[in-house]
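Chain by chain, the residues:
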Amino acid sequence: MARKPAGMKRRAHGLPNERELADLASGITDLPEQLDLVHVTAVGYGKDIVACERIETRECDLFGRRLVYAFLARPAYRFRDGATKSDQISRFPMVFVISPGNLGTPFHAYPFDTGAACSGVFGDPSNRTRPLEDYDLGPNLDAARRHVSWAFGSNRNYYDGDLKPDLAGTLRPYQMAATGFLAVAGLAATGHNQPDKRASAIEIAYDKHVPLRGNVRLVVLPQQFIEDGEGRNIAFVRQLEALGLAWETYDWRPNEAPDFYLDEITRIVRDFLDQSGQL
Amino acid sequence: MSDADDDTGTLALVGYEKLADHGFALPCFAQAVGANTTYAARSAADARGNIAIAGFDLYDPAQLVRLQAEQVRPAEVGAPWLHVFLWQERAYIGTAADIWSALHPVREDIARCAPVSLLALAGEADLPVGGYARDAFLWLTHRYGRERAIGWRSGTYLRGIVVRSLRAQLGDRAATGPVRRALQDVHLVESEAGLTLRLPETLATAAGRTSSAFALLTKAARDFRLVVTSIELVGPTKAEPQRSLPADPVPPVPPPDFDLDRVRQMVLAGEAPPADWRPFILALDFQETGLRQLAPLAGLTALQNLNLWNTRVRDVAPLAGLSALRSLVLGGAQVSDVAPLAGLAALQSLDLSFTQVSDAVPLARLTALQNLTLSNTQVSDAAPLAGLTALQSLDLGG
């Protein structure tokens, strides 16, 4: 098997972040509609989340903190690195769509999945450019919206991962973080043969738990959960409804590839965002 | 999922990972009982739609439930897919047909509590599913209300039939980014008039291969006494329909004996379908058949989608009156004169590749055309096409 490329590195202590991407978008004032956030987990963890009525922070080795991770709008979770827990997510995904309005200031916003970037999933393009911190968009949601406008032009194009076609031509050779971002983000484009939507999904992290009530707008789960089985599933659905959470189901079959579930979930979330006027 | 896989060895079905406490679980495989390394199987459908094991991927279950020794089954690439179906804390192992038989004593219980899972199992076992689909719909209506049940029917069940059929026909192309994105834009909208299928143009014109999906949809919709009343073609990434094709003036329900497969057989035998069936015949696929004569199609004025790829058709004159026709595939047929098509004002997609057609003049009046394939024809002068302002894609290759 081919050796996995080394991932992006964190900046050495003591050096200031450059935030080149944030600077490039800083002049944009006409911001697109605020998009919801999407947290994808495995069904087993999802049931725990509903049981304790909140998405709890977890220890993140990369940033040395307890964090809750979500992506702006996109249910991106394609795993290729063999991490144990990712197997469950890709085979049994459950999705929480979160309205960020009451969550306060995020801990950080990055223009891609930082975990995937640092584990080398995006390959060489990110490795030969800048340290991770140079891609930092800044800890606020407006910075994420400006980035959507600068890089994609619209929420709909962002959702599909399609960059503005003329973007590369606007960059100078010395704008290495932006150039590196384009190289990585291209992996998520619709036209890519095997698009990896994490490559341009804006990662938003919070350093506090996210209560479901009042924040989560939609849960997407396998359709087995709407049946009685031995009586426990209906109770789970009723619990969602008691928390005021809308829910939708997707068709889960053991002989479907994980990409099938990803596409189904992507469609369901797109329809939801569309109907709520976000796309 | 890991990239590592093992496509060559014979493994054994040694356990499973639960999704819920009932219904299908994820089968887990290993070299031997007790082995630490486990795999999940990959599937592939053969030409008849039978699902087989296509390979194995490394898979690390969070909670592997190991099978009893007597339940362990050998499994190898190419063998029929092995399922694990859970009911009342018991795991049923085998092909879907095996499990269906084994569940005989408890099937009524499952129908009462988990009809969607029972429907899925019946489908995997290739059984007639109409009754189970209706039962699932009624159960959902009772449990969650009609709106939710209708959402399941059109958004999950019927849409799933269309998408799976399209994926099977598209083969490897279905896994590419643009096609995956287009498949997400397949929608079914249910109204009192019937069902509307919203289909991305890119799929509608992908070798004209939507006919089988449409036929399956029509058949499955009939189980609910629903009729597919129109097809809307949408742009590749647009949510709103670009062109809405008007609903056909059809009565709400087809005759009880209406059968699209029978229509196809009749046409192949040179026989015209009964008059009261014709308003319901919206799509037909004769790809790779020996069809020569199109006369039986002459009265099918509701027909919107016709695939004649690689047939023996020479004379297309019987198509001249098919005013509803939106998509026509003649690629690989023995046709050379397309003058009879000149009046098909609704035609949006036309494939004439690999034919002896040399004159493009008759196409000049097809002003609704958006996609035209003339590759590997004798056409050397495309000037007559200059007035086709709706044209988005023109293939003159070869």
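Look up a bit, the structure's there.
What this report covers is the structure whose coordinates are included nearby. Only a predicted model underlies this, so the values are computations on that prediction, with no experimental measurement involved.

1. Quick look at the overall build of chain B
Then comes step 1: Across its full length, chain B holds 9 helices and 18 strands.
Then comes step 2: With 398 residues in all, chain B has 52% of them scored as buried.
Then comes step 3: Contacts in chain B between residues far apart in sequence, at least 24 positions, make up 40% of those at least 6 positions apart.
Then comes step 4: Carbon together with sulfur atoms contributes 50% to the accessible area of chain B, which is approximately 16900 Å² in total.

2. As for the overall build of chain A
Then comes step 1: Counting its secondary structure elements, chain A contains 10 helices and 10 strands.
Then comes step 2: A total of 279 residues make up chain A; the buried ones form 59% of that total.
Then comes step 3: Contacts spanning at least 24 positions in sequence make up 80% of the contacts within chain A whose residues lie at least 6 apart.
Then comes step 4: Carbon and sulfur atoms form 48% of the exposed surface of chain A, whose accessible area is close to 10800 Å².

3. Concerning the side chain of Thr311(B)
Residue and element names in this part refer to chain B.
Then comes step 1: Inspection of the secondary structure assignment puts Thr-311 in the loop between β14 (305-307) and β15 (327-329).
Then comes step 2: Separated by 2.8 Å, the side chain of Thr-311 and the backbone oxygen of Leu-308 make a polar contact.
Then comes step 3: Apart from the residues lying within four places of it in its own chain, the contact partners of Thr-311 are Phe-286, Thr-289, Leu-291, Gly-332, Ala-333 and Gln-334.

4. A look at unusual backbone geometry
Residue and element names in this part refer to chain B.
Then comes step 1: Although it is not a glycine, Arg-225 sits at a positive phi angle of roughly 55°.
Then comes step 2: With respect to the secondary-structure elements, Arg-225 resides in the loop between α8 (211-222) and β11 (228-234).
Then comes step 3: Taking the relative accessible area as the measure of exposure, Arg-225 reaches 60% and is therefore exposed.
Then comes step 4: You will see that Phe-354, though not glycine, has its phi angle at about 55°, which is positive.

5. A look at the pairing of strand β7 (residues 83-87) of chain B
Residues and elements named next belong to chain B.
Then comes step 1: Of all the 5 residues making up β7, 5 are buried; the element is thus mostly covered by neighbouring parts of the structure.
Then comes step 2: Neither face of β7 is open: one carries His-83, Phe-85 and Trp-87, the other Val-84 and Leu-86, and all of them are buried.
Then comes step 3: In this structure, strand β2 (residues 23-30) lies alongside β7, joined through 3 bridges in antiparallel fashion. Bridge pairing in β7 links Gly-23 to Leu-86.
Then comes step 4: Relative to strand β8 (residues 90-94), β7 runs antiparallel, the two being bridged by 5 bridges. For His-83, the partnering residue across the bridge sits in β8 and is Gly-94.
Then comes step 5: Connecting β7 to the antiparallel partner β8 that follows it, the hairpin turn spans 2 residues, and Gln-88 within it adopts a positive phi of roughly 50°.

6. What to know about the packing of helix α10 (residues 258-275) of chain A against helix α5 (residues 146-170) of chain B
Then comes step 1: For the pair α10(A) and α5(B), interaxial distance at closest approach is 13 Å and the crossing angle is 130°. With respect to α5(B), the element α10(A) is oriented oblique. Crossing hand, α10(A) versus α5(B): right-handed. Residues Phe260(A), Glu264(A) and Arg267(A) of α10(A) pack against Gly155(B), Arg159(B), Arg164(B) and Arg167(B) of α5(B).
Then comes step 2: Residue classes in the contact of α10(A) with α5(B) are distributed as 1 nonpolar, 1 polar and 5 charged.

7. Some points on the sheet that holds β15(B)
The strands making up a sheet associate through hydrogen bonds between their backbones, and the pairing can be parallel or antiparallel.
All names here are of chain B.
Then comes step 1: Across the sheet, 6 strands lie side by side as β13-β14-β15-β16-β17-β18; this open sheet has parallel pairing. Taken across any chain shown, the strands that pair with only one partner, and hence form the sheet edges, are β13 (283-285) and β18 (393-395). The average angle at which neighbouring strand axes cross in this sheet is 5°, direction not considered.
Then comes step 2: With 3 bridges connecting them, strand β17 (residues 371-373) and β18 associate as parallel partners. Residue Leu-372 lies in a different strand from β18, and its bridge partner there is Leu-394.

8. What to know about the environment of Leu67(A)
Residue and element names in this part refer to chain A.
Then comes step 1: You can see Leu-67 is positioned in strand β4 (residues 65-72).
Then comes step 2: Each C-alpha atom, one on Leu-67 and one on Tyr-206, is 5.5 Å from the other, the two residues being 139 residues apart in sequence.
Then comes step 3: Those residues in contact with Leu-67 that sit more than four places away from it in its chain are Thr-57, Arg-58, Cys-60, Phe-107, His-108, Ala-205, Tyr-206 and Asp-207.

9. Let's talk about the packing of aromatic side chains
Then comes step 1: Applying the stated rule across the entire model yields 19 aromatic pairs over all chains.
Then comes step 2: For the pair Trp247(A) and Tyr144(B), a centre-to-centre distance of 5.3 Å together with 75° between the ring planes defines the contact as edge-to-face. Of the two residues, Trp247(A) sits in strand β10 (residues 246-250) while Tyr144(B) sits in helix α4 (residues 130-144), which places them in two different chains.
Then comes step 3: The class of Trp247(A) is buried, set by a relative accessible area of 2%.
Then comes step 4: With relative accessibility at 15%, the residue Tyr144(B) sits in the buried group.

10. Focus on the pattern of salt bridges
Then comes step 1: Taken as a whole and judged by the stated rule, the model has 24 salt bridges over all chains.
Then comes step 2: The salt bridge partner of Arg181(B) is Asp160(A), with a shortest N-O separation of 2.8 Å. In this pair, Arg181(B) sits in helix α6 (residues 177-184) while Asp160(A) sits in helix α7 (residues 155-160), so the two residues belong to two different chains. Neither Arg181(B) nor Asp160(A) differs from the other in exposure class; each is buried.
Then comes step 3: Among the salt bridges present, the one from Arg267(A) reaches Asp271(A), with a minimum N-O distance of 3.9 Å. Separated by 4 residues within a single helix, Arg267(A) and Asp271(A) lie in helix α10, roughly one turn from each other.

11. Re the interface of chain B and chain A
Then comes step 1: On the chain A side, the residues contacting the 57 residues of chain B number 52 residues.
Then comes step 2: Of the roughly 4900 Å² buried between chain B and chain A on both sides combined, carbon and sulfur atoms contribute 48%.
Then comes step 3: There are 8 salt bridges connecting chain B and chain A.
Then comes step 4: Across the pair Arg164(B) and Glu256(A) runs a salt bridge, and its minimum N-O distance is 2.9 Å.
Then comes step 5: Where chain B touches chain A, the interface holds 21 residue pairs in polar contact (both at pLDDT 80 or more).
Then comes step 6: The element best represented in the side of chain B that touches chain A is α5(B), accounting for 7 residues.
Then comes step 7: A class-by-class count of the residues in the side of chain B that touches chain A yields 29 nonpolar, 13 polar and 15 charged.

12. Regarding the side chain of Thr196(B)
Then comes step 1: Secondary-structure assignment places Thr196(B) in strand β10 (residues 194-200).
Then comes step 2: Residue class for Thr196(B) comes out buried when judged on its relative accessible area of 14%.

13. Points about the environment of Val237(A)
Then comes step 1: With respect to the helices, strands and loops of the structure, Val237(A) is situated in helix α9 (residues 232-242).
Then comes step 2: In this structure Val237(A) comes out as buried when scored by relative accessible area, which is 0%.
Then comes step 3: The spacing of Val237(A) and Pro258(A) is 21 residues in sequence and 24 Å in space, taken between C-alpha atoms.
Then comes step 4: In this structure, Val237(A) is in contact with Phe225(A), Ile226(A), Trp247(A) and Tyr144(B), ignoring residues within four places of it in sequence.

Analysis parameters
Residues numbered from 1 in each chain as written. Chains lettered and ligands numbered in written order. Predicted model: local features only at pLDDT ≥ 70, side-chain atom pairs only at ≥ 80, totals over all residues. Heavy atoms only, no water. Helix = DSSP H or I, 4+ residues; strand = E, 2+ residues; numbered from the N terminus. Buried < 20%, exposed > 50% of the residue type's maximum accessible area, 1.4 Å probe, protein only. Contact = heavy atoms within 4.5 Å. Areas by Shrake-Rupley, 256 points an atom, 1.4 Å probe, with all protein chains shown as cover. Polar contact = N/O pair within 3.5 Å; in protein donor to acceptor, adjacent residues only side chain to side chain. Pairing = 2+ DSSP bridges. Axes fitted to C-alpha atoms, helices over the stretch in contact; angles between N-to-C directions. Parallel < 35°, antiparallel > 145°, perpendicular 65-115°, else oblique. Left-handed = near helix turned anticlockwise from the far one by under 90°. Nonpolar A, V, L, I, M, F, W, Y, C, P; charged D, E, K, R; others polar. Phe/Tyr/Trp six-rings, centres within 6.5 Å; stacked < 30°, edge-to-face > 60°. Salt bridge = Lys/Arg side-chain N within 4 Å of Asp/Glu carboxyl O. Buried area = accessible area lost by both parts, 1.4 Å probe.

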